[in-house]
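# Structural features, examined
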Amino acid sequence: MKSLWSDKEARKFKGDLGKRVYTSRLLGANPELVLHGGGNTSVKTKEKDFFGDPVDVIYVKGSGWDLATIEKEGFAPVRMDALLKMGDLAELSDAEMVKQQRAAMLDPAAPNPSIEAILHALIPQKFVDHTHANAVVALTNHKNGKATIEEVYGDKMLVIPYVMPGFVLARAVAKALKKVDDPYALDGLILMNHGIFTFHDDPKTSYELMIQHVTRAELHLSKKCGKGFKLPKAKVTDEDLPGLSQIRKTVSELRGAPVIASLDHSPEAVGFSNRDDVSKLATRGPLTPDHTIRTKRVPVVIGKDIEKSIGKFAVDYAQYFEKYNSGETILPADPRWAVWPGQGVISFGATEKEAGVIRDVVTHTWRTIQKTEAAFEGGWKALPASKLFEIEYWELEQAKLKKGGSAPVHQGKVAIVTGSAAGIGFACAESLAEQGAKVIGIDLSPDIAQQMDKIGGIGIIANLTEDKKVISAVERVVREFGGVDIVVSNAGIFTAGAYLDFLEQKNWDLSMAVNLTSHQKLLKYTIPFLKNGVGDPAVVLVGSRNVNAPGAGAASYSCAKAGLTQLCRVAALELAPEGVRCNIIHPDAVFDTKLWTPENLKRSAERYNMTVEEYKTRNLMKTEIKSKDVGNMVAAMASPLFGKTTGAQIPVDGGNDRVI
């Protein structure tokens, strides 16, 4: 591990707190040290209080901040005298500790201090760095862990047996430090099964001590693994995307909400999943106890019977809870990650971001436990289940989880929206994304990628009249997110108008291919995954007012849209037994699209002897219909609001007298 310190960069960060920000970011930049909010840092300094009096304070990382991106505002200034007094107490509950730490803050608007604030205060050195370095944890997590740590570090690091984080850990460290003749002779602490602290009065030295000692752990681990050691690798020989969607559906049902399923099918992930001993190795416990908050204690290992495997996980989890609980309320019994032999490793999250965080954590987990298994006699050994339960159901961590509030209506759902590079299609994609869905837009236009970026979606360029392109797009969606829950089939064109006796055959054929057949192809290839959809799976087709009120000279467009309406009705009949709804929306006079330039609007209005504003509101309700209105209706039709409706035709036209 190399130091990232730069004297030039460091000079840009002024004062004690500035240097603390700089070195914290250096630590957070290395995922081998900390991941997604892990670790904490602090600096002791003097500040003036509200009255201008000097006060000894410690700036400690605030709860909810990530070391990789932390700013000055991410550190909580806490009065040193209060923390030191708390450290002298014989007992202190977690809830009271949090309360008193907050009461001792110099700035009440700052975030809650880290639960390790007391521990940081008890260490005499000015700068304190704490990480969950993979290599260090690997050295501690086997049956001879303590002896290995002493062999590698000698008397430069104080070894602390595992205890619960927070006040209990602070007291354990304080007790150990009192037995040390000169705390300034120490480089840091090794917390068994937990991580490493380094400290010094100089920020660069404290940071580089972390790099130095983690490097020692890496070198020792590498030596024990042997010169030729490599993680096993393998390729997926028979991809099972329907199986992935079934896994996601079953996990979602256990959680009681849709989840994103992120499949890692890299050669290393597949190699891990193919290990003969993977069922035992993967289920011995997490890399560090705090990971249980995100990943639970163990993953599910998927067998030939998917539902049976996940069902057994739920039963085992309930038994684990019953064995160790002391009055807590059980969490949902869904797994947070899965080992799928032959396919790889799956991470589940309520959102794409959460699934990504879990994927990062478990990737470091399965890599590190394999190294430990190869390096030490007896192999990987995590903390006992009872200790891990204490962390998973720790009142402080549970309090964080309960602050979330209600989720957006489409959170965790995966939505495909075609023809979404502009106009109505983009509005549909935007509304679904605003309501929590992960949206994948498919369009022939190269603008689709940029448009989807605006809403946090993914754009795929594809001609939806080509079977191979549709199959490829749908399979990519399932491969990346685990399934499909919502399909908004909007792709379409408006061919040149002409009376039947003058209608060019190519216009008719093109309209049928794009406005009808492409929708049929999309349904054909998404239905197998919609059957495993979660959160009330739904199809919404975008039709036209022309279906119920056709006009002369628009046969190619009107007939294709009428055929699309009939396709919707047949799909509704076929999919209802599978719990999938199919409805169609008929917009009219949506003028805020690229099709309607100011010149086009002006010409059309003049034909009716109207102003442009009169023309845009020429419906019974005298209201303008915008793309966003259609998008919002589509998002509603895909939601539980329309959960009892299928085969319906919904107009969004402000009321059309010909239709009515």
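Above this text is the structure in question.
Everything numeric in this text was worked out from a predicted model, so none of it was measured. (Residues numbered from 1 in each chain as written. Predicted model: local features only at pLDDT ≥ 70, side-chain atom pairs only at ≥ 80, totals over all residues. Heavy atoms only, no water.)

### Looking at the overall build of the protein chain
Per the secondary structure count, the protein chain includes 25 helices and 18 strands. Dimensions of the protein chain, computed from C-alpha atoms along their principal axes, come out at roughly 100 × 65 × 50 Å. Each of the 660 residues in the protein chain was classed as buried or not, and the buried ones make up 54%. The contacts in the protein chain between residues at least 6 apart in sequence include a share of 72% that link residues at least 24 apart. When the accessible surface of the protein chain is summed, it comes to about 29,200 Å², and 52% of that surface belongs to carbon and sulfur atoms. Across the protein chain, the centroid of the 82 positively charged side chains sits 2 Å from that of the 79 negatively charged ones. (Helix = DSSP H or I, 4+ residues; strand = E, 2+ residues; numbered from the N terminus. Buried < 20%, exposed > 50% of the residue type's maximum accessible area, 1.4 Å probe, protein only. Contact = heavy atoms within 4.5 Å. Areas by Shrake-Rupley, 256 points an atom, 1.4 Å probe, with all protein chains shown as cover. Lys, Arg positive; Asp, Glu negative; His and termini not counted. Charge placed at Lys NZ, Arg CZ, Asp CG, Glu CD.)

### Looking at the packing of helix α14 (residues 306-324) against helix α16 (residues 385-392)
At a closest axis distance of 10 Å, the pairing of α14 and α16 adopts a crossing angle of 90 degrees. In terms of orientation, α14 and α16 fall into the roughly perpendicular class. Taking contact as the criterion, the partners of Tyr317, Tyr320, Phe321 and Tyr324 in α14 are, on α16, Ala385, Ser386, Leu388, Phe389 and Glu392. Looking at the contact of α14 with α16 residue by residue, the classes come out as seven nonpolar, one polar and one charged. (Axes fitted to C-alpha atoms, helices over the stretch in contact; angles between N-to-C directions. Parallel < 35°, antiparallel > 145°, perpendicular 65-115°, else oblique. Nonpolar A, V, L, I, M, F, W, Y, C, P; charged D, E, K, R; others polar.)

### Topic: the sheet that holds strand β2 (residues 54-61)
If you walk across this open sheet you meet the seven strands as β3-β2-β1-β4-β7-β6-β5, and the pairing is mixed. The outermost strands of the open sheet, each flanked by one partner alone, are β3 (75-79) and β5 (157-160). Strand after strand, the sheet turns through a mean of 20 degrees between neighbouring axes, direction not considered. Bridge count for β5 against strand β6 (residues 188-191) is four bridges, and the pairing is parallel. The residue of β6 that forms the bridge with Ile160 is Leu191. Across the sheet, helix α8 (residues 167-178) touches β5 and β6, and the angle it forms with β5 is around 135 degrees. Against the sheet, helix α9 (residues 203-225) makes contact with β4 (127-131), β5 and β7 (195-200), and its axis sits at roughly 145 degrees relative to β7, the strand it touches most. (Pairing = 2+ DSSP bridges.)

### Some thoughts on the environment of Val98
Note that Val98 resides in helix α4 (residues 94-103). The partly exposed category is assigned to Val98, whose relative accessible area is 27%. Sequence-wise, Val98 and Asn144 are 46 residues apart; in three dimensions their C-alpha atoms are separated by 35 Å.

### Comments concerning the side chain of Asn546
Relative to the helices and strands, Asn546 is located in the loop between β16 (538-542) and α22 (555-575). Of note is the side chain of Asn546, whose polar atom sits 3.3 Å from the side chain of Arg545. (Polar contact = N/O pair within 3.5 Å; in protein donor to acceptor, adjacent residues only side chain to side chain.)

### A short note on the packing of helix α10 (residues 241-255) against helix α20 (residues 467-481)
How two helices pack is summed up by the angle between their axes together with the distance between the axes. Running from N to C, α10 and α20 cross one another at 45 degrees; their axes reach a closest spacing of 10 Å. In terms of axis orientation, α10 runs oblique to α20. When you trace α10 past α20, the crossing you get is left-handed. On α20, the residues touching Leu241, Leu244 and Arg248 of α10 are Glu475, Val478, Arg479 and Phe481. Of the residues belonging to the contact of α10 with α20, the class tally is four nonpolar, no polar and three charged. (Left-handed = near helix turned anticlockwise from the far one by under 90°.)

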